[in-house]
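Chain by chain, the residues:
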Amino acid sequence: MGLPNVSGDLSAEMEVDAFRRLFPLRFYERHLADSIRPDARPLGRARDTTMALGAVASADGSALTKIGSTTMLAAIKMEVMTPSTDSPDEGCIAIDFHMPPICSPIVRPGRPAEAAPVVSKQLSDTILSSGMIDLKELSLVSGKAAWMAYLDIYCLDADGALFDCALLSAVAAFSNLQIPVVSLNDDGKIVVVSEEGEEGKLEKEPVNKEKRKLTLRSLPFSLTCILHKNYILADPTAEEESIMETLVTVVLDSSSRLVSFYKPGGPVLAYTSAVQDCVALTRQRVKELQKILDEAVSGMEID
Amino acid sequence: MEIDRDDGRTPNQLRPLACSRNILHRAHGSASWSQGDTKVLAAVYGPKAGTKKNENPEKACIEVIWKPKTGQIGKLEKEYEMILKRTLQSISILTINRNTTTSVIIQVVHDDGSLLTCAINAACAALVDAGIPMKHLAVAICCCLTEGGYVILDPTKLEEQKMKGFAYLVFPNSIHSVLPEGSLLVEGEAVEHGIITSVTHGLMSVEEYLNCLERGRAASAKLSDFLRKSIKLQLPTDSFKS
């Protein structure tokens, strides 16, 4: 692992691993000068990304995604609720992001992780403002009943770029979503029709026979980059995030509109050229992610 | 550029600004900042000894506590705390008071839009008041994007809700320096054009975002003059009190 360090000072005499631990920033800068990262990636390349749809059998839609070793499990549970009077013909999406202690040494049992509510808020902002889901499609009977989609995302391994992986798993879970069949009973209440062949007994027609899938418009995909001096590192690992602190997360939808440009502080200032470079890297990444998602979805259809 | 705003402002016009410092007796530094009806109170305590868990003890640590006008803090306030913390960390010199914690308490007095930007400006003035070492000041501005793609600055709450998108932007303040002009350029752009913090909501094209950036930069110059003036003005009274 790592390149041999071939310049004067301490690095020549020290073992690579020791140098890495003692002078992490200089270790990285030496790699960056050669346009390579310690895990052998070029600066602008994201880690390998994999996706498995339908990972949780008991959920209505689910996905397990991995970016490098960052792993997220997303699952959606649908429930019927009475819509609010402000928006009688709209459903609702509740998004929660969990970071259990197993995901990272920083998170300790009994104390909620600081990052979790922030990622959770970012996710719901992004998903709702991207217009991916038309909340009107979640309506069953106007003013009486609508779907409440509970999306829970569990971080199983936090190795950097948490938001990217969480958003990808959320989008994948929504594209895997199968809405349960429901019908109205005699009291005008909504009941879930069990799928085990009892349909003959029901006199009532299911309310949502055709609407089993949501139509997803313009999916949002994101890429987090680190800005360090003049370098831009795409898709950082947890180690990189802890050493170089300026993070920029760009979210673009499939038609290249900007959903979010998120830079919470950081010692490096982003100038127009850096903004454009980050957006360009994200454009490439969106294409990659779209392809990975399409392959996963078509793989499911064959099964 | 014909946009009618409810309060009769032009698109680039900010609401009346007001800033006063040293208003709390117990705090080491304090400031109130208002933009129109939005008003935020910031208090700074510290530097106190020791850093919290998971923070780097070789650097000074800044902790931000957000107090909403009513009720408990939720996810939104947690996000604001995190953004504010990272923003303040990036403008402070953290290597002077190593292994200390500085607490910044933000009390929302009234929210009428552009709340986060108002809080960042208040916190910045309060840090100056407390004498925390800083590299430069930060000025925050909220840009709103209308359906037609026009940009309006410093929106009220009502305007924020009507718009298709908005961006909170934070820039460094313009530096008045004895150095010759050219030395303050980075990659051909002035230092005060670099983004410290950017948070956006809603769909927009990349061009529209860049447009927002440009307008925000122009307005931040005005804001930074105001901040500079209000800090300068109060210096004589400070020394008088002590």
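Every chain's residues receive numbers from 1 upward, in the order its sequence appears when written. Chain letters and ligand numbers both follow the written order, the letters beginning at A and the numbers at 1. Restriction of local features to residues with pLDDT of at least 70 applies here, the model being predicted, together with a cutoff of 80 or more for giving and counting side-chain atom pairs; totals for whole chains, interfaces and linings are based on all residues. Processing note: side-chain calculations cover all non-hydrogen atoms of the structure and skip hydrogens and water entirely.

(A) Summary view of the pairing of strand 12 (residues 258–262) of chain A. All names here are of chain A. Type-normalised accessible area, obtained with a 1.4 Å probe on protein chains alone, sets the label of each residue: buried when under 20%, exposed when over 50%, and partly exposed for intermediate values. Each helix is a run of H or I in the DSSP string that is no shorter than four residues. Each strand is a run of E no shorter than two, and both are numbered from the N terminus. Burial runs high along strand 12: five of the five residues are buried. The sheet contact formed by strand 11 (residues 246–253) and strand 12 spans four bridges and is antiparallel. Residue V251 lies in a different strand from strand 12, and its bridge partner there is S260. Strands pair, by our definition, only if DSSP identifies at least two bridges between them. A loop of four residues connects strand 11 with strand 12, the two strands running antiparallel in sequence, and S256 in this loop sits at a positive phi of about 65°.

(B) Broad picture of the pattern of salt bridges. We define a salt bridge as a side-chain nitrogen of Lys or Arg found within 4 Å of a carboxyl oxygen belonging to Asp or Glu. According to the stated counting rule, one finds 26 salt bridges over all chains in the structure shown. K121(A) is paired through a salt bridge with E79(B); the nearest N and O atoms lie 3.7 Å apart. With K121(A) in helix 3 (residues 115–129) and E79(B) in helix 1 (residues 75–91), the pair connects residues from two separate chains. K121(A) sits in the buried class, given a relative accessible area of 11%. By relative accessible area, which is 3% here, E79(B) ends up buried.

(C) Here's a closer look at the sheet that holds strand 11 (residues 197–201) of chain B. Residues and elements named next belong to chain B. Spatial strand order, 7-6-8-11: four strands in an open sheet with antiparallel pairing. The sheet is open, and its two borders are formed by strand 7 (151–153) and strand 11, each paired with just one other strand. Within this sheet the neighbouring strands show an average axis-to-axis angle of 20°, counted without direction. Direction of pairing for strand 8 (residues 165–172) relative to strand 11: antiparallel, over a ladder of five bridges. Lines fitted to the C-alpha atoms define the axes, with helices restricted to the stretch that makes contact. Angles between their N-to-C directions range from 0 to 180 degrees.

(D) Highlighting the UniProt feature "domain: Exoribonuclease phosphorolytic" (unreviewed entry) in chain A. UniProt positions are given in the numbering used here, feature names are shortened, and annotations may be inferred rather than shown by experiment. Under the local residue numbering, the UniProt record ascribes the feature "domain: Exoribonuclease phosphorolytic" (unreviewed entry) to residues 46–180 and 219–268 of chain A. Structurally, residues 219–268 of chain A is divided into 12% helix and 52% strand, and its ends, taken at the C-alpha atoms, are 30 Å apart.

(E) Region of interest: the confidence of the model for chain B. All names here are of chain B. Put simply, chain B has an average pLDDT of 87, and 90% of its residues get 70 or more. Within chain B, strand 5 (residues 100–110) carries the highest mean pLDDT (95), whereas strand 9 (residues 185–186) carries the lowest (64). Overall fold confidence (pTM) sits at 0.90, and the ipTM for the predicted complex is 0.89. For every residue, the pLDDT score states the predictor's confidence, bounded by 0 at the bottom and 100 at the top.

(F) Geometry of the environment of K157(B). All names here are of chain B. When you line up the elements, K157 lands in helix 3 (residues 157–162). In this structure, the C-alpha to C-alpha distance between K157 and N99, residues 58 residues apart in sequence, is 40 Å. Not counting residues within four places of it along the chain, the set of residues in contact with K157 comprises D111, D112 and G113. Here, residues are in contact when the closest pair of their heavy atoms is within 4.5 Å.

(G) The sheet that holds strand 2 (residues 29–35) of chain B, seen in detail. All names here are of chain B. Sheet architecture is open: five strands sit in the order 1-2-3-5-4, paired in mixed fashion. For this open sheet the edge positions go to strand 1 (17–21) and strand 4 (61–67), each flanked by a neighbour on one side alone. On average, adjacent strands in this sheet sit at an angle of 15° to one another, irrespective of strand direction. As defined by bridge partners, strand 4 adjoins strand 5 across seven bridges and the pair is classed as parallel.

(H) The arrangement of unusual backbone geometry in detail. G46(B) connects to P47(B) through a cis peptide bond whose omega is 0°. Inspection of the secondary structure assignment puts P47(B) in strand 3 (residues 38–49). Its identity as a non-glycine residue notwithstanding, S218(A) has a phi of 35°, on the positive side. Mapped onto the secondary structure, S218(A) falls in the loop between strand 8 (190–192) and strand 9 (220–228). Classification of S218(A) as buried rests on a relative accessible area of 18%. In this model, D235(A) sits at a positive phi of 50°, which is unusual for a non-glycine residue. Tracing the sequence through the fold places D235(A) in the loop between strand 10 (231–234) and helix 5 (238–243). Looking at D235(A), the relative accessible area reads 1%, which means it is buried.

(I) Representation of the packing of aromatic side chains in the model. Each aromatic pair joins two rings of Phe, Tyr and Trp (for Trp, the six-membered one) with centres within 6.5 Å, and gets the label stacked for planes under 30 degrees apart, edge-to-face for over 60, and tilted for any other angle. Going through the model one piece at a time under the given rule, you end up with six aromatic pairs over all chains. When the ring of F19(A) is compared with that of F23(A), the centres are 5.5 Å apart and the planes differ by 50°; the resulting orientation is tilted. A ring pair is formed by W33(B) and F226(B), whose centres lie 5.5 Å apart and whose planes are at 85°; its orientation type is edge-to-face. Taken together, the residues W33(B) in strand 2 and F226(B) in helix 4 (residues 206–241) connect sequence positions 193 residues apart. Classification of W33(B) by relative accessible area gives buried; the value is 0%.

(J) Layout of the interface of chain B and chain A. Facing the 37 residues of chain B at the interface are 40 residues of chain A. The term buried area means the drop in 1.4 Å probe accessible area that two parts suffer when joined, counted for both and summed. The junction of chain B with chain A conceals about 3100 Å² of combined surface from both sides, 57% of it contributed by carbon and sulfur atoms. Ranking the residues of chain B by area buried against chain A places K75(B), L203(B) and V206(B) at the top, with a combined share of 20%. At the junction of chain B with chain A, the criterion picks out two salt bridges. For D96(A), the salt bridge is made with K75(B), and the minimal N-O distance between the two is 3.5 Å. In the analysis that follows, any N or O atom pair within 3.5 Å is treated as a polar contact, provided that within protein one partner can donate a hydrogen and the other can accept it, and provided that, for residues neighboring in sequence, both atoms belong to side chains. Taken together, chain B and chain A are joined by 13 residue pairs in polar contact (both at pLDDT 80 or more). At the level of secondary structure, the elements contributing two or more residues to the side of chain B that touches chain A comprise helix 1, strand 10 (189–190), strand 11 and helix 4 of chain B. Among the elements that line the side of chain B that touches chain A, the one with the most residues is helix 1 of chain B, at ten residues. Each residue is assigned to one class: nonpolar for Ala, Val, Leu, Ile, Met, Phe, Trp, Tyr, Cys and Pro, charged for Asp, Glu, Lys and Arg, and polar for all the others, Gly among them. The residue makeup of the side of chain B that touches chain A, split by class, is 16 nonpolar, eleven polar and ten charged.

(K) Geometry of the nonpolar core. F97(A), M99(A) and I106(B) are the most contacted members of the largest nonpolar core, which totals 141 residues. If near-sequence neighbours (up to four positions away) are discounted, F97(A) is found in contact with M72(A), A116(A), V119(A), S120(A), L123(A), I153(A), C155(A) and A166(A). Joining through side-chain atoms within 4.5 Å is the link that ties buried Ala, Val, Leu, Ile, Met, Phe, Trp, Tyr and Cys residues into a set, and such a set is a nonpolar core. Counting residues in each nonpolar core, the second largest holds ten residues, with F27(A), I226(A), M244(A) and L247(A) among its members.

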